[in-house]
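Chain and residue survey
What follows is each chain in one-letter form.
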Amino acid sequence: MLQIKNLHASVEDKDILKGINLEIKAGEVHAIMGPNGAGKSTLSSIIAGNENYEVTEGEIFLDGEEISELAPEERAHKGVFLSFQYPVEIPGVSVTNFIKTAINEKRKANGEEEMPANEMLKKIREKSELLEMDRKFLSRSLNEGFSGGEKKRNEIFQMAMLEPKIAILDETDSGLDIDALRIVANGVNKLKNENNAVLVITHYQRLLDYIVPDFVHVLMDGKIVKTGGADLALELEEKGYDWIKQEQTA
Amino acid sequence: MHKELVDVERVSLYKSKNMSKYTEDDLKVELENKEYEYGFYTDIESETFPAGLNEDIVRAISKKKNEPQWMTDWRLEAFRAWQQMEEPEWANVNYEKPDFQAVSYYSAPKKKDKYASLDEVDPELLETFKKLGISLDEQKKLAGVAMDIVVDSVSVATTFKKTLAEKGIIFMSISEAIQEHPELVKKYLGTVVPQKDNFYAALNSAVFSDGSFCYIPKGVRCPMELSTYFRINQGGTGQFERTLVIADEGSYVSYLEGCTAPSRDENQLHAAVVELIALDDAEIKYSTVQNWYPGNKEGKGGVFNFVTKRGLCEKNAKISWTQVETGSAVTWKYPSCVLKGDNSIGEFYSIAVTNNFQQADTGTKMIHLGKNTKSTIISKGISAGKSQNSYRGLVQIGARAENARNFSQCDSLLMGNNCGAHTFPYIESKNASAKIEHEATTSKIGEDQVFYCNQRGIPTEKAIALIVNGFSKEVLNKLPMEFAVEAQKLLEISLEGSVG
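Residues numbered from 1 in each chain as written. Chains lettered and ligands numbered in written order. Predicted model: local features only at pLDDT ≥ 70, side-chain atom pairs only at ≥ 80, totals over all residues. Heavy atoms only, no water.

The name given to chain A in an unreviewed UniProt entry is Fe-S cluster assembly ATPase SufC, with Flavobacterium luminosum as the source organism.

Below you can see the structure in the form of structure tokens.
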């Protein structure tokens, strides 16, 4: 589904990613963990197409198609979704209006008709219930005055509505209390199936208690230095990252 | 154009105006006599006065319109005042001052060359019409294509006039009103915006060519939105437009002015005056969409729009101004409310968009004179390109105005790094019981907002439109439905290409 080959990237001439290789197959959940400044968020931004980062070398494939030259919206139309660590506010634009616009733009790009209003309404209801969202929430301005938990829940709501092939969850657990964490994780688990994949980017292990990964990768200094199963996350939680660093230098 | 052709066109124009009294013969007589009436007037075919302004010109305008003596005197009084005045310089705009002696102050209803079909019309203009969702027939009308089915619009207008007449509502051009309802015009003209009010108002008072007049009788709720669209003789608004709206006691009217379609008017100088009078318990809602030619991308050309708009509220009356300003090279405009009566209410909702080299200095004045008067100001300025956008507002509370309330909110949205947003709020209170609130914000469309939208599959242009519409929502919501949809699209079009 998503394949990253020898990816190098920099921002303002500073090298951040120094040769990432990663393959995520349909139906899999991968987690990328690592200390602050390792390049985790850079990686998610680059997959989504943020033009502030320059890809200096390497390739990104989605279903076999090279996408690293595509505009962010084109990648979105093809099924890339990024749940932002810090979702932005758009005053005056309601949650409903925003998601409606997003869905119809995607359909337009894929040569489909706009989604009929009743179908849209039904889908919005269904997905907002899945994330235990208050109906009033849907008419509020996007992310404006939202609590940390509401913002993240709204991100997963959008993911549920857009049904991406690959969903990247960038630090989705930050700012969440335990109840919100459970709701968000539960939402993600219900959306996961044989035809899509999830990439969880996190600093801590606790989200992985709920969204259990098939693979855990450790990202340090712009490279994936270790890959393991779900138990690797537990080990990291217990021992921190230093031992890997030592393993590397040894 | 051949003289006879002009004649025929004029006649059809007058006929559609429903001025059955005015026949082709009358017109011929008028044309023949004109040369004698106005000694200097030589070029009949062009129907335009020579450039320059003096008392003779003012008299000639008045005479041409067959105005009574009091009207001529009123114009002359304005002209004499204007001569003593200087063009104001306090606004935050920069432009080459027009040479007022180089302007011609009267020309016959502007007739553009007719096109045989839409194929001949500037494709860019048609593209814009399409984006605005304007019907084909309307497109033809706006672009000046000869219409085959004029009947349609005439019959619509006729039904419309009938409905209004049944309610006793008067809605006609100000020139007609001067002829047919001189007592009303005489009583109210210049009572809210006196001739000497300001430089441009004085100029307008002296030379105004035409405009609209509207009177709603006591206790009548006007059953439809009155719009210049419907007034058939509204063939391109004049350079010096004069509008007078009177809502008698307990009446209500919603008035729409302007057009979302781009106006390719070549007149550089526009100085309109609008006066609203809301008598006891009356309500006037006045909505404007202004989309005059803003000049090209290099800042060449474009309309100078110097407008004076003011409303007077008597007891328990309410006046709401809503405006969407996207056009003109220079805008100088402050729709205001004089809250004279106790418990009266004034509102101002504005969206002003400037792009490229446009400059706007716009806002409002809320003059609280009566007790328990309330005013609300919501101003949204959007600047892009190298434009400058200023809000200028005055909230004045008089000594008698016990318990006056004002709430002002001025938000500016910047797009790019080369534009400017400015806020000049003035607050003057002579009554300690007044409560005045002012909120102001300035924000920039962030790359992060655009990227967020992009990531959800929304392309940049659409993202900008979404963000701008969200920003303007409180004001868009105040527009009548049919206007709101078009205004929303207009915002998108005005800002097209403004983000790299």
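Having seen the structure, we can now continue with the description.
In this structure, Ile4, Phe98, Phe157, Ile166 and Val200 of chain A together with Ile382 and Val468 of chain B are the most contacted members of the largest nonpolar core, which totals 112 residues. Of all the elements, helix H12 (residues 460-476) of chain B adds the most residues to this core, at eight residues. Filtering out sequence-adjacent residues up to four positions away, Phe98 of chain A remains in contact with Ile90, Val93, Leu142 and Gln158 of chain A together with Tyr452, Cys453, Arg456, Ile458 and Leu466 of chain B. Formed by 55 residues, the second largest nonpolar core is a distinct cluster that contains Ala91, Leu189, Val207 and Ala271 of chain B. (Core = buried A, V, L, I, M, F, W, Y, C linked by side-chain atoms within 4.5 Å. Buried < 20%, exposed > 50% of the residue type's maximum accessible area, 1.4 Å probe, protein only. Helix = DSSP H or I, 4+ residues; strand = E, 2+ residues; numbered from the N terminus. Contact = heavy atoms within 4.5 Å.)

All names here are of chain B. Checked against the element boundaries, Glu241 lands in the loop between strand E3 (226-227) and strand E4 (242-247). With a relative accessible area of 10%, Glu241 lands in the buried category. It is 9.4 Å that separates the C-alpha atoms of Glu241 and Val307, two residues lying 66 residues apart in sequence.

This model, assessed by the stated rule, comprises 21 aromatic pairs over all chains. Ring centres 4.9 Å apart and planes at 45 degrees place the aromatic pair Phe84 of chain A and Tyr452 of chain B in the tilted group. Within this pair, whereas Phe84 of chain A is found in the loop between strand E6 (80-83) and strand E7 (90-94), its partner Tyr452 of chain B is found in helix H11 (residues 447-455), the two belonging to separate chains. By the burial criterion, Phe84 of chain A is buried, and Tyr452 of chain B matches it. Of the aromatic side chains, those joined through ring pairs into one cluster are Phe79, Trp82, Trp90, Tyr95, Phe100, Phe199, Tyr200, Phe304, Phe306, Trp332 and Tyr334 of chain B. Its end group placed over the ring of Phe471 of chain B, Lys380 of chain B keeps NZ or CZ at 5.0 Å from the ring centre. (Phe/Tyr/Trp six-rings, centres within 6.5 Å; stacked < 30°, edge-to-face > 60°. Lys NZ or Arg CZ within 6 Å of the ring centre and 35° of its normal.)

Glancing now at the interface of chain A and chain B. Contacts between the two partners involve 30 residues from chain A and, on the opposite side, 19 residues from chain B. Interface of chain A and chain B: buried area, both sides summed, is about 2000 Å²; carbon and sulfur atoms make up 65% of it. Where chain A meets chain B, there are one salt bridge. Across the pair Arg456 of chain B and Glu155 of chain A runs a salt bridge, and its minimum N-O distance is 2.5 Å. Going through the elements one at a time, helix H1 (40-48), helix H2 (72-78), E6, E7, helix H3 (95-109) and helix H5 (148-162) of chain A are the ones with two or more residues in the side of chain A that touches chain B. Across the side of chain A that touches chain B, the residue classes break down as 16 nonpolar, ten polar and four charged. (Buried area = accessible area lost by both parts, 1.4 Å probe. Salt bridge = Lys/Arg side-chain N within 4 Å of Asp/Glu carboxyl O. Nonpolar A, V, L, I, M, F, W, Y, C, P; charged D, E, K, R; others polar.)

Under the definition given, this model contains 26 salt bridges over all chains. One salt bridge in this structure joins Glu171 of chain A and Lys40 of chain A, with 4.0 Å as the shortest N-O distance. Here Glu171 of chain A is found in the loop between strand E9 (166-170) and helix H6 (178-191), whereas its partner Lys40 of chain A is found in helix H1, with 131 residues between them in sequence. The class for Glu171 of chain A is buried, based on a relative accessible area of 9%. Between Arg59 of chain B and Asp56 of chain B there is a salt bridge, and its shortest N-O distance comes to 3.6 Å. Highlighted residues: Arg59 of chain B and Asp56 of chain B, both in helix H3 (residues 55-64), separated by three residues, approximately one helical turn. Exposure remark for Arg59 of chain B: the relative accessible area of 38% places this residue in the partly exposed category. Residue Asp56 of chain B is classed as partly exposed on the basis of its relative accessible area, which comes to 47%. Connected via shared salt-bridge partners are Glu55, Asp56, Arg59 and Arg80 of chain B.

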